[in-house]
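Below, each chain spelled out in residue letters.
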Amino acid sequence: MRPGSIIYFLREAFKSLSRNRLLSIATISTVAISILILGFAVLLTINAGALMNYLESDVEIVAFLDNDLTKSQITDIKQDLTAITGVKSVNFVSRERALAKLQEKYGGNEYNLKETLGKNPLPNSYEIKAEDPHNVPQIAVQVKKIDGIYKVNYGQGVVERLFKVTRWVRVVSMVFIVLLVFAAVFLIATTIRLAIFARRKEIYLMKLIGSTDWFIRWPFFIEGIFMGAAGGLIAILILAAGYGSLISHMDALFFLPLVTNPGILSNVYISLLVCGAVLGVLGTWISLNKFLDV
Amino acid sequence: MLVQFYNVSKIYPNGVKALDDISLKIDRGEFLFLMGPSGAGKSTLVKMLFREELPTRGQIFLASRSIVRMKRGEVPRLRRNIGIVFQDFKLLENKTVYENIAFAMEVVNASSKEIKERVTEVINMVGLKGKEKSFPGELSGGEQQRVGIARALANRPLLLIADEPTGNLDIDTSNEIMELLFNINRTGTTVIMATHARELVKSAGKRVLMLEQGKIVADTPPGEIAL
């Protein structure tokens, strides 16, 4: 490719953009709307994923100890627990600490639980976290087998259901995004096809005169990249403004943890912009090939 | 020998037999009329020369290169050696006369200096000096066809193909266009012209190939009166 050709391609691309203004605007709007929907789904997925992680990370095993154990027996149990594969951390909670926690949570300043109950009814316990929360049920089975542990609690039943739900949410959101990408490609390709159809005579002539396929493609690709990126940019501006205001309002209203990490968000926005440009090129590619077959 | 057809047949997917075992030779510098009723296969034959259509059977050579065996990537080079003039002119309405002709050179990657020189040259050749900045819509039919011819000549083709170039023009204008094509032929360019217009062919004294139902029914050498 000669440097002269690059200038020619750019000039042709922008001439065509301004000459077919209405179709250009239609294409940019189509891209913007597609990317907006896609971006909305991506943000939703990321937040759903973060929420799922948050819920899952809360899952832990509480192993209650017999009351008549000696200090060394308690330490031995800790070693046994740590030896189980998949265990991330083991944290001892003494009966006093457990009562204090309970007091903090439910008693407040009005009741003194210890006085009301007369004695501390709570046992010593270990809080066990798994490296992968999904392994909690299997780990719990092994914990139960250890001597000196009389009860194991990890939210049996509820946890299994939680994992089912989180897996479902993840799969559904991925499928949803893949479908949206396909819809966006189709929609954008159709709009670009209109623009190319309007210039089919020109393409036919170029082919008969003897220009190569790539010589014809380049201006269309440049147009596609430009329209895709422009549409993507519009979508991102709307999305960022909308999500920004959502964060500032939600903060006061809910305990739900919204993803606010600027690193993650800017990655999402940049990916969407690239996605817009790629969709523009992809749409052009799909629509153009038919007309090049002369 | 510029063009050679060996036992060329073309059957379209819908079953229509457009050409039936055509063998044909055209010399460099010749002027050939291609005549025959609608549907005789003139357009199919012409389109095979610039490989818009491929034969179902047979071989075609242009300047000793097989058009049939040519790879897709080699087609642009073939077409750069051929100028095509259309019945409906096929000018780009949003480009001026100058731009329409320059377009043909831009798409084959000519330098802007070459383009400027050559476009001015062919505009003079077809007698359109002063109309450079006009748009096709502002020109008469004859003038539009002159632009079409100038565009076909821009890349100095070995072969000029004209498919019913006077089909949309009145008698006087047609004669002017014919005169232009004969002049081009005189400078050494081979010309193949498909046409219905018996009157133009009769008075020309050029080689005439008659097609009917996909077969050559007569091949009259120059100087003899065909039909």
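Residues numbered from 1 in each chain as written. Chains lettered and ligands numbered in written order. Predicted model: local features only at pLDDT ≥ 70, side-chain atom pairs only at ≥ 80, totals over all residues. Heavy atoms only, no water.

**Digging into the overall build of chain B**
So, step 1. For chain B, the helix and strand inventory stands at seven helices and ten strands.
So, step 2. Taking 2.2 N^0.38 as the reference for a compact globule, 227 residues should give roughly 17 Å; the C-alpha atoms of chain B span a radius of gyration of 17 Å, in line with that estimate.
So, step 3. Over its C-alpha atoms, taken along the principal directions, chain B stretches across nearly 45 × 40 × 35 Å.
So, step 4. Taken across its 227 residues, chain B has 54% of its residues classed as buried.
So, step 5. Element-wise, carbon and sulfur atoms account for 47% of the exposed surface of chain B, whose accessible area totals about 10,200 Å².
So, step 6. Taking the 32 positively charged and 27 negatively charged side chains of chain B as two groups, their mean positions are separated by 7 Å. (Helix = DSSP H or I, 4+ residues; strand = E, 2+ residues; numbered from the N terminus. Rg over C-alpha atoms; globule rule 2.2 N^0.38 Å. Buried < 20%, exposed > 50% of the residue type's maximum accessible area, 1.4 Å probe, protein only. Areas by Shrake-Rupley, 256 points an atom, 1.4 Å probe, with all protein chains shown as cover. Lys, Arg positive; Asp, Glu negative; His and termini not counted. Charge placed at Lys NZ, Arg CZ, Asp CG, Glu CD.)

**Quick look at the pairing of strand S6 (residues 82-85) of chain B**
Residue and element names in this part refer to chain B.
So, step 1. Alternating residues of S6 divide into Ile82 and Ile84 and Gly83 and Val85, and every residue in both groups is buried.
So, step 2. The pairing of S6 with strand S7 (residues 159-163) spans four bridges and is parallel. Paired with Ile84 across the bridge in S7 is Ile161. (Pairing = 2+ DSSP bridges.)

**As for the domain arrangement of chain A**
So, step 1. Partitioning chain A into domains gives domain 1 (3-55 + 162-292) and domain 2 (60-154).
So, step 2. A separation of 52 Å is found between the C-alpha centroids of domain 1 of chain A and domain 2 of chain A. (Domains from an automatic or database assignment.)

**What to know about unusual backbone geometry**
Keep in mind that most residues, glycine aside, have a negative phi and that most peptide bonds are trans.
Residues and elements named next belong to chain B.
So, step 1. For Asn7, which is not glycine, the phi torsion reads 45° and is therefore positive.
So, step 2. Given the relative accessible area of 41%, Asn7 is considered partly exposed.
So, step 3. For Ala63, which is not a glycine, the phi torsion comes out positive at approximately 50°.
So, step 4. Of note, Ala63 is situated in the loop between strand S4 (57-62) and strand S5 (65-66).

**Description of the sheet that holds strand S8 (residues 190-195) of chain B**
Residue and element names in this part refer to chain B.
So, step 1. Spatial strand order, S6-S7-S8-S3-S9-S10: six strands in an open sheet with mixed pairing. The strands lining the two open edges of the sheet, one partner per strand, are S6 and strand S10 (215-220). Across the sheet, the mean angle from the axis of one strand to that of its neighbour is 20°, orientation sign disregarded.
So, step 2. Sheet strands touched by helix H6 (residues 171-186): strand S3 (31-35), S7 and S8. Its angle to S3, the strand with the most contacts, is close to 135°. (Axes fitted to C-alpha atoms, helices over the stretch in contact; angles between N-to-C directions. Contact = heavy atoms within 4.5 Å.)

**Regarding the side chain of Glu202 of chain A**
So, step 1. Examined against the element boundaries, Glu202 of chain A turns out to sit in helix H8 (residues 200-209).
So, step 2. Judged by its relative accessible area of 8%, Glu202 of chain A falls in the buried class.
So, step 3. Glu202 of chain A has contacts with Leu92 and Phe103 of chain B, leaving out every residue within four places of it along the chain.

**Structural notes on the pattern of salt bridges**
So, step 1. Applying the stated criterion across every chain yields a total of 19 salt bridges over all chains.
So, step 2. The salt bridge partner of Lys101 of chain A is Glu127 of chain A, with a shortest N-O separation of 3.0 Å. Placement of the pair is Lys101 of chain A in helix H4 (residues 95-107) and Glu127 of chain A in strand S3 (residues 125-130), with a sequence separation of 26 residues.
So, step 3. For Arg207 of chain B, the salt bridge identified is with Glu30 of chain B, shortest N-O distance 2.9 Å. Of this pair, Arg207 of chain B sits in strand S9 (residues 207-212) while Glu30 of chain B sits in the loop between strand S2 (17-26) and S3; the two residues are 177 residues apart in sequence, bridging distant segments of the chain. Of the two residues examined, Arg207 of chain B and Glu30 of chain B, each falls in the buried class. (Salt bridge = Lys/Arg side-chain N within 4 Å of Asp/Glu carboxyl O.)

**Here's the deal with the interface of chain A and chain B**
So, step 1. If you look at the interface, chain A gives 22 residues, while chain B gives 24 residues.
So, step 2. Around 2,100 Å² of area is buried between chain A and chain B when both sides are counted, 54% of it from carbon and sulfur atoms.
So, step 3. Considering only the surface of chain A that becomes buried against chain B, Leu205, Leu208 and Ile209 of chain A emerge as the three largest contributors, covering 28% of it.
So, step 4. For the pair chain A and chain B, the interface holds two salt bridges.
So, step 5. Salt-bridge contacts for Asp213 of chain A lead to Arg72 of chain B; the nearest nitrogen and oxygen are separated by 2.8 Å.
So, step 6. Our count for the contact surface shared by chain A and chain B stands at seven residue pairs in polar contact (both at pLDDT 80 or more).
So, step 7. Secondary structure elements with two or more residues in the side of chain A that touches chain B: helix H1 (3-19), H8 and helix H9 (213-253) of chain A.
So, step 8. When residues in the side of chain A that touches chain B are grouped by element, the largest group, eight residues, is from H8 of chain A.
So, step 9. Within the side of chain A that touches chain B, the residues separate by chemical class into nine nonpolar, four polar and nine charged. (Buried area = accessible area lost by both parts, 1.4 Å probe. Polar contact = N/O pair within 3.5 Å; in protein donor to acceptor, adjacent residues only side chain to side chain. Nonpolar A, V, L, I, M, F, W, Y, C, P; charged D, E, K, R; others polar.)

**A short note on the packing of helix H2 (residues 21-57) of chain A against helix H10 (residues 262-292) of chain A**
Residues and elements named next belong to chain A.
So, step 1. For the pair H2 and H10, the least separation of the axes is 10 Å and the interaxial angle reads 145°. Between H2 and H10 lies a crossing of right-handed hand. From H2, Val31, Ile35, Leu38, Gly39, Val42, Leu43 and Ile46 reach across to H10, where they touch Ile264, Leu265, Val268, Leu272, Cys275, Gly276 and Leu279.
So, step 2. Residue composition of the contact of H2 with H10, by class: twelve nonpolar, two polar and no charged. (Left-handed = near helix turned anticlockwise from the far one by under 90°.)

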